[in-house]
Structure formats: structure tokens, C-alpha cells
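Tertiary structure, described
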Amino acid sequence: MMCDRANMRRWVLLSLPLMILVCLLRKGEAIWLTVPASGTKCVSEELHNNVVVLADYFAISDDHSNPIPTISVKVTSPFGNNLHHKENMTHGQFAFTTTEAGNYLACFWVDGHNPGGGSLTVNLDWKTGIAAKDWESVARKEKIEGIELELRKLEGAVEAIHENLIYLKSREAEMRSVSETTNTRVASFSIASLGVCILASVLQVLYLKRYFRKKKLI
């Protein structure tokens, strides 16, 4: 019995840092947006490939009018592909798995036929990655619970960390390549500019020398 308690204590101490990482990696944010009567309010997040995104949204009238005015929603990928587009909605949900790396944009605007013409408040519950996974369904399907389920969550957190590191590494390599290319082009442009200035100065001296000789000033 004492051995079991010692093993349990050791497991808790070893898994504590990973549990903290799980909490940090759970990107589930409830955002409150004030959508003007005329105009669009957008939110964006930079994501890499193969990331699950799950979001719920609902509209609340600022003046508590009834019925609640409706909104339109449009979600686009970094390349402009339409992932979700709904109109005349008071609440809804969208889910997708990213296939492109970059900024994903979700935009909300008030439908034009709404009475009153006032602004709205939209609650957006945006979850990505491990936070968007339905762990209850996984537990029921695979018949796991307790420590085994927590270990599965930790495994998912480690995989998410690994994928994020690979993504950051690729972005760093891309930015370094762009910086090196920019530096090379700037250096080439500077040398070319200096060459043009020297050539213009030489031509100007020769022209003035020829002009002065023609006028017999020298």
C-alpha cells in the first residue's frame, strides 16, 4: 500500500509540469465583440496545418430588444476560401480542420433589415487544437477514464507542442530566408546606385572638361 502511494505521488510530481502545459495549450477563448449597426467586426488567429477549430457564437442585443436582431457570419482561410457563411442567425456553430497555414478570419455584421438599427454584442467561444477535442466521446469510445484519460490528454499536449515547434521552426527558416534575400537585394541595389553615381560623376567631369576646352577657358 505504501508502495502504491509512493508511485502515485511520483506520477503526480512527474505529470504536474505536463498538466501545466496542457492548461497553457488549451486555446479556448470566449470573446465578446461589439458589432456596430453598420460595419463589420472581425477576429483572426494564426494557425498551422491540421489544427481542429471549433467555435460557438450567439448574439445579444445591447438594448435587450425582443426579438433579438440577427447577424451574418463569414469565416475565411488565409487564401480566401469560404469555410463558413450564414445569414439571419442569432446563434450558431462552425467547425473545420485547417489545410492552410496563416491567419484565419471570422467576421460578423448586423443584418440590414433588423429593426432599431442598434449595435449588438456577439459572444464567440473559439477553441483550437487540444481544447477543441471532445474528450468525453474519446473516453466513451475507447472505454478509458481516470489516469489513463489524463495521460491521453498529456500525450495530445505533447504532440501539440511538437507540432507548434515544427511550425515555428519552419516560420523562422522562412523569415531568415526572406531576410537574407532582402539583405542581398539591398546590397546589390546599393552597389548599383554607387556605380551609377560614380559613372555620372565621371561623365559630368568629362563633359565639363570638354566644354571648357571648347570655350578655350582652359
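Quantities reported herein were computed from a predicted structural model and do not represent experimental measurements.

Brief notes about the overall build of the protein chain
Secondary structure summary: the protein chain contains three helices and eight strands in total. Its helices and strands taken in sequence order, the protein chain reads α-β-β-β-β-β-β-β-β-α-α from the N to the C terminus. Put simply, the protein chain has 218 residues, and 26% of those count as buried. Look at the contacts in the protein chain between residues 6 or more apart in sequence, and 75% of them connect residues 24 or more apart. In the structure as shown, the protein chain presents an accessible area of about 15,200 Å², 59% of it carried by carbon and sulfur atoms.

Remarks on the state of the cysteines
What the rule picks out here adds up to one disulfide. Paired through a disulfide, Cys42 and Cys107 show a sulfur-sulfur distance of 2.0 Å. In this structure, the disulfide formed by Cys42 and Cys107 twists by about 110° around the S-S bond and is classed as right-handed. Of the two residues, Cys42 is situated in strand β2 (residues 40-47) and Cys107 in strand β7 (residues 102-110); the sequence distance between them amounts to 65 residues.

Notes on the nonpolar core
Formed by 22 residues in total, the largest nonpolar core has its most connected members in Tyr57, Ile71, Phe94, Phe108, Val122, Leu124 and Trp126. Within the residue set of this core, elements represented by two or more residues are β1 (27-35), β2, β3 (52-61), β4 (71-76), β6 (91-97), β7 and β8 (120-128). Residue contacts for Ile71: discarding those within four places in its chain leaves Tyr57, Ala59, Lys86, Glu87, Asn88, Met89, Phe108, Trp109, Val110, Asp111, Leu120 and Val122.

Here we look at the UniProt feature "transmembrane region" (unreviewed entry) in the protein chain
The residues that UniProt annotates with the feature "transmembrane region" (unreviewed entry) are residues 186-208. A distance of 33 Å separates the end C-alpha atoms of residues 186-208, which is 100% helix and 0% strand.

Let's talk about the pairing of β6
Of the two faces of β6, the one holding Gly92, Phe94 and Phe96 is buried and the one holding His91, Gln93, Ala95 and Thr97 is not buried anywhere. Judged from the seven bridges that link them, β3 and β6 form a sheet pairing that is antiparallel. Bridged to Leu54 within β6 is Ala95.

Remarks on the sheet that holds strand β5 (residues 82-89)
The strand order across the open sheet formed by four strands is β2-β7-β4-β5, and the pairing between neighbours is antiparallel. Both outer strands of the open sheet, β2 and β5, are each paired with one neighbouring strand and no more. Each strand of the sheet is rotated relative to its neighbour by a mean of 10°, with strand direction disregarded. Sheet topology note: the β2/β7 ladder contains eight bridges and is antiparallel. Considered in β7, the bridge of Cys42 is made with Cys107.

Re a nonpolar patch on the surface
Side chains of Leu194, Ile198, Leu199, Val202, Leu203 and Leu206 sit close together on the surface and give an oily, nonpolar patch of about 580 Å² of accessible area. Here Leu194 shows up in helix α3 (residues 147-214). Judged by relative accessible area, Leu194 falls into the exposed class, the value being 53%.

Notes on the pattern of salt bridges
Scanning the model with the defined rule gives two salt bridges in all. Linking Arg171 and Glu46 is a salt bridge whose minimum nitrogen-to-oxygen distance equals 2.0 Å. Of this pair, Arg171 sits in helix α3 while Glu46 is found in strand β2, placing the two residues 125 residues apart along the sequence. Judged by relative accessible area, which is 29%, Arg171 ranks as partly exposed. One salt bridge in this structure joins Glu172 and Arg176, with 2.7 Å as the shortest N-O distance. Of this pair, Glu172 and Arg176 both sit in helix α3, separated by four residues, roughly a single helical turn.

Quick look at the packing of aromatic side chains
Per the stated rule, a full pass over the model turns up eight aromatic pairs. Arranged with centres 5.9 Å apart and planes meeting at 70°, the rings of Phe94 and Trp126 form a pair that is edge-to-face. Here Phe94, found in strand β6, pairs with Trp126, found in strand β8; they are 32 residues apart in sequence, far enough to count as distant. In this structure, Phe94 and Trp126 share a single accessibility class: buried. An aromatic cluster is built from Tyr57, Phe94, Phe96, Tyr104, Phe108 and Trp126, whose rings are joined through pairwise contacts.

Calculation notes
Residues numbered from 1 in each chain as written. Predicted model: local features only at pLDDT ≥ 70, side-chain atom pairs only at ≥ 80, totals over all residues. Heavy atoms only, no water. Helix = DSSP H or I, 4+ residues; strand = E, 2+ residues; numbered from the N terminus. Buried < 20%, exposed > 50% of the residue type's maximum accessible area, 1.4 Å probe, protein only. Contact = heavy atoms within 4.5 Å. Areas by Shrake-Rupley, 256 points an atom, 1.4 Å probe, with all protein chains shown as cover. Disulfide = S-S within 2.5 Å. Core = buried A, V, L, I, M, F, W, Y, C linked by side-chain atoms within 4.5 Å. UniProt positions renumbered as here; feature names shortened; annotations may be inferred. Pairing = 2+ DSSP bridges. Axes fitted to C-alpha atoms, helices over the stretch in contact; angles between N-to-C directions. Patch = residues over 30% accessible without salt bridge, like charges linked within 9 Å, V, L, I, M, F, W, Y side chains within 5 Å. Salt bridge = Lys/Arg side-chain N within 4 Å of Asp/Glu carboxyl O. Phe/Tyr/Trp six-rings, centres within 6.5 Å; stacked < 30°, edge-to-face > 60°.

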